[in-house]
Structure formats: C-alpha cells, structure tokens
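Next come the chains, spelled out residue by residue.
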Amino acid sequence: MPEFEEIRRLAVHQHGLVSRAQTRQVGFGREALARKVRDGYLTWVTPRVLRIGGAATSPWQSAMAGVLDIGYGAVASHLTAAALWGVPHVPAEPVDVSVVRYVRRKQSPVRLHHLTVIPHDQVAMLHDVPVTAPPFTVLLIAGKFGARRAAQVFDHFLGSGDTTVTETSAVVESLAQHGRNGINTVRKLVRHRSDRRPP
C-alpha cells in the first residue's frame, strides 16, 4: 500500500510518529487507518498522533508527539525545551508546547501555552523537533515557573555555551514591547551575570 509507505517515510523524520492530519494528506482513509491500528502497525499515542509499530520511545518522541498533536506552528517550549537542550534535573514531561494561534484540544497530553509571539530566530530544530531557543526558553520559564528555575536553566545555558548574557539580554529587550511575563525576572538575572568566563 503506497499510502502506508508514505506514512513510514514521514515517520522516519518524526521519531516514528505521524499525525492524523498527515495520514489524511497522503490519502489514508479512516477504515484503512483502523485496520492498521487493529493489526498492530500503528498505535495511538494521543487522540491525533500515531506511532509506527516498533518505534522506540524517548523524550524526543514524547516532545514530537506533543508538537504534532497541536499542529501547525507548535514548538516544544518551557521546561520540555530546557530538558531537550540538556539541562539536568528538569522534567521533560508533561510536554510543554507553545503556539501563537488559538488552539482548543480535548484530551491533549500536552501543557499548552498560547503566546502572542514566537520569534522565528528563537526556534531551533533539535533532532527534528522544533524547540524554543535557549534565550527565549529562559524567558518563558521565568514567566511561568519563576526566578529560581529560570536561574538554574540560564546558568546551564551559559556554562554550555548555548547562549550568552548579551544574546539573552537582546532577546528579552526585543520582546519587552509585547509585555511578556518574566521580562523583569530575566533582566535581574542578566544584571548579576556577565559573558566573561573563568580561565
């Protein structure tokens, strides 16, 4: 069945996952889908996302499932983004997903955040998953989870070289006009740090 082969090709770049919308786009009907699920070739992981049989589970797959569940323009964000960037002791789940457009999702496994803006230059692709970039991630965490968690994540990013004080400050000031929560918290974090690294 060529439609199922197309689904397999999509899933290769999506951690073994495919959205229901994508199956419709390649011409895979409801009955054919139900048959593949019944035969074990596909498994529902959310009401709108399926996993190819045999695909290994991972935090990357969970994040991708959340992004696919929300759909167009969605990105992994907040604590999930921090965890995917390698920040230790930060939970990747429940999966935080942000989107600009308004979305209503019943029975969604994600922690959904509606934002006024997601700057294009603050979205990165990590292992094929769209994820908020470090400076924006720090700002989002400051606004939602407070200064202590934001400081932990920010200090890790500075130590790993994933961002700098100067870069983070520039992102924060560029977004200040939008009145984002966390602006003043990150400003304080920036004031107490510098880009100079110990020898």
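Residues numbered from 1 in each chain as written. Predicted model: local features only at pLDDT ≥ 70, side-chain atom pairs only at ≥ 80, totals over all residues. Heavy atoms only, no water.

J.: How should I be thinking about the layout of surface pockets in this particular structure?
T.: Gaps left between atoms are located by rolling a probe of water-molecule size over the structure's atoms. When its volume is computed, the largest pocket comes out at roughly 350 Å³. Around the largest pocket, the lining is made up of 19 residues, and of these S19, V67, L68, G71 and Y72 lie nearest the centre. Elements with a minimum of two residues in the lining of the largest pocket: α2 (20-25) and α4 (59-70). Classifying every residue of the lining of the largest pocket by side-chain character gives eight nonpolar, five polar and six charged. (1 Å grid on protein atoms, 1.4 Å probe; cavity = no way out; pocket = protein on both sides within 12 Å on 5 of 7 lines; lining within 4 Å. Points joined across faces, edges and corners; volume = space filled by probe spheres on them. Helix = DSSP H or I, 4+ residues; strand = E, 2+ residues; numbered from the N terminus. Nonpolar A, V, L, I, M, F, W, Y, C, P; charged D, E, K, R; others polar.)

J.: Explain the pattern of salt bridges to me, please; I cannot follow it from the model alone.
T.: Two side chains bearing opposite charge may form a pair once their charged atoms approach each other closely. Considering all chains together, one arrives at six salt bridges under this definition. One salt bridge connects R9 with E6, and the closest N-O pair in it is separated by 2.8 Å. Here R9 pairs with E6, and both are found in helix α1 (residues 2-12), just three residues apart, close to one helical turn. Look at R9 and you get partly exposed, because its relative accessible area is 49%. Across the pair E173 and R187 runs a salt bridge whose closest N-O atoms are separated by 2.9 Å. Of the two residues, E173 sits in helix α8 (residues 165-175) while R187 sits in helix α9 (residues 183-191), which places them 14 residues apart along the sequence. According to the relative accessible area criterion, R187 is partly exposed, its value standing at 28%. (Salt bridge = Lys/Arg side-chain N within 4 Å of Asp/Glu carboxyl O. Buried < 20%, exposed > 50% of the residue type's maximum accessible area, 1.4 Å probe, protein only.)

J.: When you look at the sheet that holds strand β2 (residues 42-46) in this model, what are you seeing that I'm missing?
T.: Pairing between sheet strands relies on hydrogen bonds along the backbone, with the strands arranged either parallel or antiparallel. In spatial order, the strands read β1-β3-β2; together these three strands make up an open sheet with antiparallel pairing. At either margin of the open sheet sits one strand with a lone partner, and together these are β1 (17-19) and β2. Sheet twist, expressed as the average angle between the axes of neighbouring strands with direction ignored, equals 35 degrees. (Pairing = 2+ DSSP bridges. Axes fitted to C-alpha atoms, helices over the stretch in contact; angles between N-to-C directions.)

J.: Explain the environment of H113 here, please?
T.: Mapped onto the secondary structure, H113 falls in strand β6 (residues 111-114). Residue H113 is classed as buried on the basis of its relative accessible area of 8%. Look past the residues within four positions of H113 in its chain and what remains in contact with it is S77, H78, D96, V97, S98, V99 and K144. At 2.8 Å, the side chain of H113 forms a polar contact with the side chain of D96. (Contact = heavy atoms within 4.5 Å. Polar contact = N/O pair within 3.5 Å; in protein donor to acceptor, adjacent residues only side chain to side chain.)

Everything listed here is a matter of geometry and, on its own, says nothing about what the molecule does.
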